[in-house]
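# Secondary and tertiary structure notes
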Amino acid sequence: MNGIDLLRIEDGSLQRYCQRMHRLEMRRLRSRHLNGEGGFSIATSRSILLDQLLQSVYHTLSRKSSLPGSSSGLPFPGVWIAIGEYGCLELSPRSSVDLLILLKSNPQSGLDEAVEDIRLMLQSSGIRLQVTVASSKECLHRALNSTSFGVKLLLARYIAGDASQFKDLMQRFRANI
């Protein structure tokens, strides 16, 4: 089963679901803004919309199968974490979405292809997704050596996956800064 086969749900494709949901909710956000609602509220609502879409993708993939090429039988991958302006709920309508996929160990074979499939699927919905895949150790090293990544990690917010792994990363990160 390739990455594209994983992106299906029973009542149609996951891609069509994401496209419909994103288009509908972006129209609602635009309408709310044109009716006087403030920018911060709109940015927060867009972030929450993307949380829901990414959680749908994550949970669909987790239910469907293991990562392609994985011998471990683990569900599709790691912890999904919002970082940067997406992490702090300040995502403007045209901003790209920064997603960190936190793994317990080094990436498994097939992960790059699966992540690219997800990125392309969401791009077809009008969502520009920037994905970083790393282990906790790699995240900490990167955050300590790159101010921009460190700031993005300061603004991190849990989306889906093992919440205890996310909490552990954040505790270790805060202890090192």
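Heads up: these notes are all about the structure in this document. Nothing here was measured: the structure is a model prediction, and the numbers come from that model. (Residues numbered from 1 in each chain as written. Predicted model: local features only at pLDDT ≥ 70, side-chain atom pairs only at ≥ 80, totals over all residues. Heavy atoms only, no water.)

Moving on: a positive patch on the surface. A surface patch of positive charge is lined by Arg-16, Arg-20, Arg-23 and Arg-27. Residue position: Arg-27 is located in helix 2 (residues 14-34). (Patch = residues over 30% accessible without salt bridge, like charges linked within 9 Å, V, L, I, M, F, W, Y side chains within 5 Å. Areas by Shrake-Rupley, 256 points an atom, 1.4 Å probe, with all protein chains shown as cover. Salt bridge = Lys/Arg side-chain N within 4 Å of Asp/Glu carboxyl O. Lys, Arg positive; Asp, Glu negative; His and termini not counted. Charge placed at Lys NZ, Arg CZ, Asp CG, Glu CD. Helix = DSSP H or I, 4+ residues; strand = E, 2+ residues; numbered from the N terminus.)

Core analysis: the largest hydrophobic core is formed by 29 residues, its most contacted members being Leu-54, Val-57, Trp-80, Tyr-86, Val-97 and Leu-122. Put simply, the parts of the chain that give this core at least two residues each are helix 2, helix 3 (39-64), strand 3 (79-82), strand 4 (97-103), helix 5 (111-123) and strand 6 (157-160). In terms of residue count, the dominant contributor to this core is helix 3 (eight residues). Counting residues in hydrophobic clusters, the runner-up holds 16 residues, among them Leu-102, Leu-153, Ala-156 and Phe-166. (Core = buried A, V, L, I, M, F, W, Y, C linked by side-chain atoms within 4.5 Å. Buried < 20%, exposed > 50% of the residue type's maximum accessible area, 1.4 Å probe, protein only.)

Looking now at the pairing of strand 3. In regular strands, side chains alternate between the two faces of the sheet. Alternating residues of strand 3 divide into Val-79 and Ile-81 and Trp-80 and Ala-82, and every residue in both groups is buried. Taken together, the four bridges between strand 3 and strand 4 define a ladder with antiparallel strand orientation. Paired with Val-79 across the strands is Leu-102, a residue of strand 4. Where strand 3 and strand 6 come together, three bridges link them in antiparallel fashion. When the sheet's bridge partners are listed, Ala-82 is paired in strand 6 with Arg-157. (Pairing = 2+ DSSP bridges.)

Here we take up the pattern of salt bridges. In this structure the tally under the stated criterion is six salt bridges. Glu-25 serves as the salt-bridge partner of Arg-28, at 2.7 Å between the closest nitrogen and oxygen. Taken together, the residues span about one helical turn, with Arg-28 and Glu-25 both in helix 2 at a distance of three residues. By relative accessible area, which is 45% here, Arg-28 ends up partly exposed. A salt bridge links Glu-116 to Arg-119; the nearest nitrogen and oxygen atoms lie 2.7 Å apart. Here Glu-116 and its partner Arg-119 are both found in helix 5, three residues apart, which amounts to about one turn of the helix.

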